[in-house]
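A structural walkthrough
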Amino acid sequence: MKAIVIGAGIGGMCTAIGLKRFGIETEVFEAVKEIKPVGAAISIWPNGVKCLNFLGMKEPLRRLGGPMQSMAYKDFQAGNTLTQFSLEPLVADSGERPYPVARAELQAMLLDTYGREKVQFGKRVARVEQDDSGVTAYFEDGSEAHGDLLIACDGTHSVVRKYVLGRSVERRYAGYVNWNGLVEIDESIAPSRQWTTFVGEGKRVSLMPVANHRFYFFFDVPLPAGLAEDRSTIRDDLTRYFQGWAAPVQKLIGQINPETTNRVEIHDIDPFPELVKGRVALLGDAAHSTTPDIGQGGCAAMEDAVVLATILQTNSLGIEDALLRYQAKRADRVRDLVLKARKRCDITHGKEKNITQQWYEDLKSETGERIIHGMCDTIQGGPLA
Ligand code: FAD
């Protein structure tokens, strides 16, 4: 059996690694010549970590992961702590730790695990066709590739998605802009082993530790889409949006490097139930694009890959049957994740001001129990729970 994998992001590489581990021949095609991940870092929650463990990356992942042992919310103006609690109950419940990691390092680990030299870069798929003998991918450079099945891991702007669904879907602007990057840890901004988030005015400023004494930081601001802001205006923009915020936030704005800070308008896509068509499957953001508000988009792609590889390995009723089983196992799970993230996005970013205000109030009496319960519920829905 030979699988064509389109896209060498988190979804594509986890799929290729999973299939390879089960002895399925794979060919990976990636549109760009060099992958430059959007976003500086990513939090991999225990459901995702378990998938990477399953795919054979247990040890290298630990070297990349930051020591995130506790979590705290802080008031935006005074900077005082609203709630602070250990993440150990989450670890005990799920059987794994969460690992925030720098994206470039995660991408390098995935490529090295699979075999970087085996990925064909600069190959942008334009369309796919299938018949009883298999699937053909046609690339923009005029070349083509043939396999028994094709896994489209071509991200949120997927071209294969339209082929699978028979219609186009629109990305939905979630109403806020996210700036993110990496900065050296400074204990006067936040503790080095904590996920710290300043909240107020429907905005967020968050810091998570990643390996090598760095914070992954992000700023969220509810804004209209399409503003004329770019890298050259980042520091001025953040200074304006976070005027009056606590001293650590001002210090962070002073310390970021605008050249390596990303600005992303956050989108998702209404969930859809069809993830496969015959011998072609969608996986990762191509299949389910979510806002990052519960940090699960990449983890869901890892889950997809583990489920798909396992079904292809264990099923003997043919490829189309296996892909339908993949769809049956994944469609509800990924819809739930997208909608859960959307709900959290709206609460966090002040879609309805009174609800967000109530959330700020609730944080003052939060012991950690409710937040950890919600996270564990999400994590336990994964395939390796
Ligand atoms: P992508 O990473 O988009 O990869 C798709 C690949 O396909 C790309 O390399 C692209 O070049 C290639 N490609 C595209 N079109 C073609 C084509 N036609 N032919 C060939 N190749 C093609 N997730 C988490 O789990 N935790 C987090 O903390 C988290 N934080 C996030 C923060 C932000 C600000 C954002 C925006 C997202 C976050 N996510 C997080 C989500 C996560 O980044 C995505 O879900 C994940 O990267 C999706 O991986 P993917 O492989 O499906 O898609």
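The protein chain has the name FAD-dependent urate hydroxylase in an unreviewed UniProt entry, where Erwinia typographi is given as its organism. Recorded under Pathway (unreviewed entry), the UniProt text for the protein chain is reproduced unchanged: "Purine metabolism; urate degradation." One UniProt comment on the protein chain, placed under Sequence similarities (unreviewed entry), says "Belongs to the FAD-dependent urate hydroxylase family."

1. Points about the overall build of the protein chain
From N to C terminus, the protein chain includes 12 helices and 18 strands. The C-alpha radius of gyration computed for the protein chain amounts to 21 Å, which stays within 12% of the reference 21 Å derived for 385 residues, consistent with globular compactness. Projected onto its principal axes, the C-alpha coordinates of the protein chain cover approximately 65 × 45 × 40 Å. Out of the 385 residues in the protein chain, the part that is buried amounts to 57%. Sequence separation of 24 or more characterises 72% of the internal contacts of the protein chain that already satisfy a separation of 6 or more. The average position of the 46 basic charges and that of the 50 acidic charges among the side chains of the protein chain differ by 1 Å.

2. Remarks on the sheet that holds strand β12 (residues 172–184)
Pairing between sheet strands relies on hydrogen bonds along the backbone, with the strands arranged either parallel or antiparallel. If you walk across this open sheet you meet the seven strands as β5-β4-β13-β14-β15-β12-β16, and the pairing is mixed. Two strands bound the open sheet, and with one partner strand each, they are β5 (81–86) and β16 (262–268). Each strand axis lies, on average, 20° off the axis of its neighbour in the sheet, ignoring direction. As judged from the five bridges shared by strand β13 (residues 194–200) and strand β14 (residues 203–210), these two strands associate in the antiparallel manner. Its bridge partner lying in β14, Gly 200 is registered against Lys 203. Sheet strands in contact with helix α7 (residues 234–241) are β12, β14 and β15 (214–222), and its direction is about 110° off that of β12.

3. Side note on the site of the ligand
Surveying the vicinity of the ligand reveals 30 residues, the closest of which are Gly 11, Glu 30, Ser 43, Arg 103 and Asp 285. One of the side-chain nitrogen or oxygen atoms of Glu 30 is found 2.6 Å away from an oxygen atom of the ligand. Val 125 is positioned such that a nitrogen or oxygen atom in its backbone is 2.9 Å from a nitrogen atom of the ligand. In isolation the ligand offers 1,000 Å² of accessible surface; the protein chains occlude 85% of this area. Mapped onto the shell around the ligand, the elements with two or more residues apiece are α1 (10–21), β2 (25–30), β3 (41–44), β12 and α9 (297–314). Residue composition of the shell around the ligand, grouped by class: 12 nonpolar, 12 polar and six charged.

4. Overview of the pattern of salt bridges
Going through the model one piece at a time under the given rule, you end up with 29 salt bridges. Where Asp 293 meets Arg 204, a salt bridge forms, and the shortest distance between an N and an O atom there is 3.6 Å. On the criterion of sequence distance, the pair formed by Asp 293 in the loop between β18 (280–282) and α9 and Arg 204 in strand β14 is long-range, its members being 89 residues apart. Each of the two residues, Asp 293 as well as Arg 204, counts as buried. Where Glu 303 meets Arg 330, a salt bridge forms, and the shortest distance between an N and an O atom there is 3.0 Å. In this pair, Glu 303 is assigned in helix α9 and Arg 330 in helix α10 (residues 319–348), connecting sequence segments 27 residues apart. Residue classification places Glu 303 among the buried residues on the basis of a relative accessible area of 0%. Under the relative-accessibility criterion, Arg 330 is labelled buried at 2%.

5. Re the packing of α1 against α9
The geometry of α1 relative to α9 is characterised by a closest axis approach of 8 Å and an angle of 25° between their N-to-C directions. The angle between α1 and α9 places the two elements in the roughly parallel class. Remark: the crossing between α1 and α9 carries right-handed chirality. Across from Ile 10, Gly 11, Cys 14, Thr 15, Gly 18 and Leu 19 in α1, the residues of α9 making contact are Gly 298, Ala 301, Met 302, Ala 305, Leu 308, Ala 309 and Leu 312.

6. With respect to the nonpolar core
If you look at the biggest cluster of nonpolar residues, it comprises 95 residues, and the most contacted ones within it are Ile 44, Leu 52 and Leu 150. Take this core: its biggest share by element is 10 residues, from α9. In this structure, Val 205, Phe 215, Val 221 and Leu 252 belong to the second largest nonpolar core, which totals 25 residues.

7. Structural notes on unusual backbone geometry
Of note, the phi angle at Glu 201 is positive, near 55°, even though the residue is not glycine. Counting through the fold element by element, Glu 201 comes out in the loop between β13 and β14. For Asn 212, which is not a glycine, the phi torsion comes out positive at approximately 65°. Turning to its location among the elements, Asn 212 is positioned in the loop between β14 and β15.

8. Overview of the side chain of Lys 123
Looking at where Lys 123 falls in the secondary structure, it is placed in the loop between β7 (119–121) and β8 (125–131). Ignoring anything within four residues of it in the chain, the contact list for Lys 123 reads Phe 29, Glu 30, Ala 31, Phe 139, Asp 141 and Ser 143.

9. Brief notes about the pairing of strand β9 (residues 134–139)
Taken across its six residues, β9 has six buried, putting it largely inside the fold. Alternating residues of β9 divide into Gly 134, Thr 136 and Tyr 138 and Val 135, Ala 137 and Phe 139, and every residue in both groups is buried. As paired strands, β8 and β9 are joined by six bridges and run antiparallel to one another. Among the inter-strand pairings, Glu 129 is bridged to a residue of β9, identified as Thr 136. Counting the residues that bridge the hairpin from β8 to β9 gives two residues. Sheet analysis places β9 next to strand β10 (residues 144–147), joined by four bridges and oriented antiparallel. What sits directly across from Val 135, in β10, is Gly 147. Linking two consecutive strands that pair antiparallel, namely β9 and β10, is a turn of four residues; a positive phi of about 95° is found at Gly 142 within it.

The rules behind the values
- Each chain carries its own residue numbering, running from 1 in the direction its sequence is written.
- Under the rules for a predicted model, residues below a pLDDT of 70 receive no local features and side-chain atom pairs below 80 are neither given nor counted, while totals for whole chains, interfaces and linings still include all residues.
- Calculation of side-chain values draws on the structure's entire complement of heavy atoms; hydrogens and water are dropped beforehand.
- UniProt positions are given in the numbering used here, feature names are shortened, and annotations may be inferred rather than shown by experiment.
- Under the scheme used here, helices are H or I runs from DSSP no shorter than 4 residues and strands are E runs no shorter than 2 residues, and both carry numbers assigned from the N terminus.
- The globule rule used here is 2.2 Å times the number of residues to the 0.38 power, and the radius of gyration it is set against is calculated over C-alpha atoms.
- Buried, partly exposed and exposed residues are distinguished by accessible area as a fraction of the type maximum, computed with a 1.4 Å probe on protein chains only: under 20%, between the cut-offs, and over 50%, respectively.
- We call two residues in contact whenever any of their non-hydrogen atoms come within 4.5 Å of each other.
- In this charge count, Lys and Arg are treated as positive and Asp and Glu as negative; neither His nor the chain ends contribute.
- By convention, charge coordinates are those of NZ in Lys, CZ in Arg, CG in Asp, or CD in Glu.
- At least two DSSP bridges between two strands are needed for those strands to be called paired.
- Fitting a line to C-alpha atoms yields each axis, with helices limited to the stretch in contact; the angle taken between N-to-C directions then spans 0 to 180 degrees.
- One heavy atom suffices: a residue is near a molecule or strand as soon as one of its heavy atoms comes within 4 Å of it.
- N or O atoms within 3.5 Å of each other form a polar contact, as long as, within protein, one can give a hydrogen and the other can take it, and as long as residues adjacent in sequence are counted only when both atoms are side-chain atoms.
- Reported accessibility uses the Shrake-Rupley method at a 1.4 Å probe radius. Residues are deemed covered only where the shown protein chains occlude them.
- Polarity classes work like this: nonpolar for Ala, Val, Leu, Ile, Met, Phe, Trp, Tyr, Cys and Pro, charged for Asp, Glu, Lys and Arg, and polar for all others, with Gly in that last group.
- Salt bridge, as used here, is a side-chain nitrogen of Lys or Arg placed within 4 Å of a carboxyl oxygen of Asp or Glu.
- For classification purposes, angles smaller than 35 degrees are called roughly parallel, those larger than 145 roughly antiparallel, those between 65 and 115 roughly perpendicular, and all remaining angles oblique.
- Crossing handedness is read from the near helix: turned anticlockwise from the far helix by less than a right angle, it gives a left-handed crossing, and turned clockwise, a right-handed one.
- Each nonpolar core is a collection of buried residues, namely Ala, Val, Leu, Ile, Met, Phe, Trp, Tyr and Cys, held together in the definition by side-chain atoms within 4.5 Å.

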